[in-house]
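This is what each chain is made of:
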Amino acid sequence: MPLVTTKEMFEKSKKEGFAIGAFNVNNMEIIQAIVDAAKEANSPVILQASSSAIKYARINYLMKMVQAAVEEAPNIPIAIHLDHGPDFETCKMCIDAGFTSVMIDGSKYDFEENVRLTKQVVDYAHSKGVVVEAELGKLAGIEDDVNVSESDAMYTDPEQAREFVERTGCDSLAIAIGTSHGAYKFKGEAKLRFDILKQIKEKIPNTPIVLHGASTVIPELVEMCNQYGGNIPGAKGVPDEILHEASVSGVSKINVDTDLRLAMTAGIRKVLAEEPNAFDPRKYLTPARDLIKKTVKHKMIDVFGSSNKA
Ligand code: G3H
Ligand code: 13P
Ligand code: ZN
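None of the values given here were measured: they were computed from a predicted structure. (Residues numbered from 1 in each chain as written. Chains lettered and ligands numbered in written order. Predicted model: local features only at pLDDT ≥ 70, side-chain atom pairs only at ≥ 80, totals over all residues. Heavy atoms only, no water.)

## Quick look at the sheet that holds strand S2 (residues 45-50)
Strands belonging to one sheet form pairs held by backbone hydrogen bonds; the direction of such a pair is parallel or antiparallel.
Then, in step 1: One closed barrel holds the eight strands; their spatial order is S1-S2-S3-S4-S5-S8-S9-S10, and the pairing between them is parallel. Strand-to-strand twist across the sheet, computed as the mean angle between neighbouring axes with direction ignored, equals 25°.
Then, in step 2: Strand direction decides the pairing type here: S2 and strand S3 (residues 78-85), joined by six bridges, are parallel. Paired with Ile46 across the two strands is Ala79, which belongs to S3.
Then, in step 3: Contacting strand S1 (20-24), S2, S3, strand S8 (172-175) and strand S10 (251-256), helix H1 (residues 7-16) crosses the sheet at an angle of about 115° to S10.
Then, in step 4: Taken strand by strand, helix H6 (residues 111-127) contacts strand S4 (101-104) and strand S5 (131-136), and its axis lies near 170° from that of S5. (Pairing = 2+ DSSP bridges. Helix = DSSP H or I, 4+ residues; strand = E, 2+ residues; numbered from the N terminus. Axes fitted to C-alpha atoms, helices over the stretch in contact; angles between N-to-C directions. Contact = heavy atoms within 4.5 Å.)

Here it is as structure tokens:
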């Protein structure tokens, strides 16, 4: 099948109570690992690229690699999504290049400007058959190039969410309920505000909910990085059980980047530490790609419940 939007995937996820993983891609190995995992798990999947990923990999290369993945996985619904679109122009560039979904992240602006900007993107995207994710509320931590301090992080207000969705016509909404980007999400106990999620769902029952900053920061991968020369102390993410609860409680899309970065780094570090003479990139990128695939498959099968939902 050709690239799809997230519309049908989200309808199914809402009806059947599971979440779809949205995995950040930056290069060929990451794309191959994610799509191979989706094939083996028979799971729908969202590939997403941030504006910095697009700068790094270049949009033409990205789209051609995604097309290759689609041809190799004809039975798997695959969407290609812009993650944290910073402005109208970037969203337009991605839509024109064939992305099937874009995020416009107006959460750095005040409510009225977020509404205006999101509506502008929605109008253009919908005219081209592309769907739009928007964001309301602020996550703590580093959000693309924006650094939001923990005290500035703001949970999404459920009533504002209702007004926002009504005025913008966005197709899905990223909310802030306690997650944050990167490897340092919690100082103490990991906790999400499921009470706020429930209130939001009551206000916008037809709008798929998105969770950003949802990596587990898998302890085994952090340990592996540290064992082979890394220094990532005190890293902490959202445990699998909490993500599973989110998946069955009405979250339709769960974003994962940090866990993929850790898997790739751990795989490369191990080879280079154990075989200091190695200098063939295939020697260390192959195990790194395998580790990303294993990580993605675990999430699809054991955490998000999206396996066999293709
Ligand atoms: O939420 C942000 C993603 O982890 C992408 O990060 O802008 O460094 O590609 P990036
Ligand atoms: P993590 O940093 O938790 O992987 O979150 C990624 C994300 O939200 C991408 O938009
Ligand atoms: Zn994000």
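## Notes on the packing of aromatic side chains
Then, in step 1: All chains considered together, the criterion is met by two aromatic pairs.
Then, in step 2: An angle of 75° between the planes, with centres 5.9 Å apart, marks the rings of Phe88 and Tyr124 as edge-to-face. Of this pair, Phe88 sits in helix H5 (residues 88-97) while Tyr124 sits in helix H6, and the two are 36 residues apart along the sequence. Pair check on accessibility: Phe88 and Tyr124 agree, each one buried. (Phe/Tyr/Trp six-rings, centres within 6.5 Å; stacked < 30°, edge-to-face > 60°. Buried < 20%, exposed > 50% of the residue type's maximum accessible area, 1.4 Å probe, protein only.)

## A few points about the confidence of the model for the protein chain
Then, in step 1: This prediction gives the protein chain a mean pLDDT of 95; 96% of its residues lie at or above 70.
Then, in step 2: Averaged pLDDT values over the elements of the protein chain bottom out at 49 in strand S7 (residues 146-148) and peak at 99 in S1.
Then, in step 3: Contacts for the low-pLDDT stretch residues 142-147, under 50 throughout, to residues beyond four places or in other chains number 14 contacts. (pLDDT = per-residue confidence, 0-100.)

## Considerations on the pairing of S1
Then, in step 1: Within S1, five of the five residues are buried, leaving the element largely enclosed by the surrounding structure.
Then, in step 2: Examined bridge by bridge, S1 and S10 share four bridges and lie parallel to one another. Opposite Ile20, over in S10, you have Lys253 as the bridge partner.
Then, in step 3: Relative to S2, S1 runs parallel, the two sharing three bridges. By the bridge assignment, Phe23 is partnered in S2 with Leu47.
Then, in step 4: With helix H2 (residues 28-41) bridging S1 and its parallel neighbour S2, the resulting β-α-β unit is right-handed. (Right-handed = clockwise from strand over helix to strand, strands pointing away.)

## Overview of the site of ligand 2
Then, in step 1: Around ligand 2, the structure places 15 residues, and the nearest of them are Asp83, Lys185, Ser215, Asp257 and Thr258.
Then, in step 2: Contacts to ligand 2 include His181, whose side-chain N or O atom sits 3.0 Å from an oxygen atom.
Then, in step 3: Here the residues of the shell around ligand 2 are counted per class, giving two nonpolar, 10 polar and three charged. (Near = heavy atom within 4 Å. Polar contact = N/O pair within 3.5 Å; in protein donor to acceptor, adjacent residues only side chain to side chain. Nonpolar A, V, L, I, M, F, W, Y, C, P; charged D, E, K, R; others polar.)

## Details of the environment of Lys39
Then, in step 1: With respect to the helices and strands, the residue Lys39 is situated in helix H2.
Then, in step 2: When the C-alpha atoms of Lys39 and Asn75 are compared, they prove to be 8.0 Å apart, with 36 residues separating the residues in sequence.

## Thoughts on the coordination of the zinc ion (ligand 3)
Around a metal, the ideal angle is 109.5 degrees if four donors adopt a tetrahedral arrangement and 90 or 180 degrees if six donors adopt an octahedral arrangement.
Then, in step 1: Taken together, the protein ligands of the zinc ion (ligand 3) are His84 (NE2), His181 (NE2) and His212 (ND1), with distances of 2.0 to 2.1 Å.
Then, in step 2: When the donors of the zinc ion (ligand 3) are listed by position in the chain, the intervening gaps give H-x96-H-x30-H. Of this pair, His84 sits in strand S3 while His212 sits in the loop between strand S9 (209-211) and helix H9 (219-227), and the two are 128 residues apart along the sequence. Like His212, His84 is buried. (Donors = N, O, S within 2.8 Å, 3.2 Å for Na, K, Ca; no water.)

## A short note on unusual backbone geometry
Then, in step 1: Even without glycine at this site, Asn42 takes up a positive phi of about 50°.
Then, in step 2: Structurally, Asn42 is set in the loop between H2 and S2.
Then, in step 3: Judged by relative accessible area, Asn42 falls into the partly exposed class, the value being 29%.
Then, in step 4: Phi angles above zero are rare outside glycine, and Val217 is one such case at about 50°.

## Here's the deal with the pattern of salt bridges
Then, in step 1: In the structure shown here, the tally under the stated rule is 20 salt bridges.
Then, in step 2: In this structure, Arg261 engages Asp257 in a salt bridge whose closest nitrogen and oxygen atoms are separated by 2.9 Å.
Then, in step 3: Residue class for Asp257 comes out buried when judged on its relative accessible area of 17%.
Then, in step 4: As a salt-bridge pair, Lys270 and Glu274 come within 3.3 Å of each other at their nearest N and O atoms. A residue pair is termed a helical-turn pair when its members lie 3 or 4 positions apart in one helix, as Lys270 and Glu274 do in helix H11 (residues 258-274) at four residues.
Then, in step 5: Judged by relative accessible area, Glu274 falls into the partly exposed class, the value being 46%.
Then, in step 6: Taken together, the shared-partner salt bridges in this structure form one network comprising Glu159, Arg162, Glu166 and Lys203. (Salt bridge = Lys/Arg side-chain N within 4 Å of Asp/Glu carboxyl O.)

## Describing H11
Then, in step 1: Helix length check: H11, at 17 residues, gives a terminal C-alpha distance of 24 Å against a target of 24 Å (1.5 Å per residue), a fit within 8%.
Then, in step 2: Buried within H11 we find Thr258, Asp259, Leu260, Leu262, Ala263, Met264, Ala266, Gly267 and Val271.
Then, in step 3: Where the residues of H11 are buried, they touch S1, H2, H9, S10 and helix H12 (281-304). (Expected span 1.5 Å × (residues − 1).)

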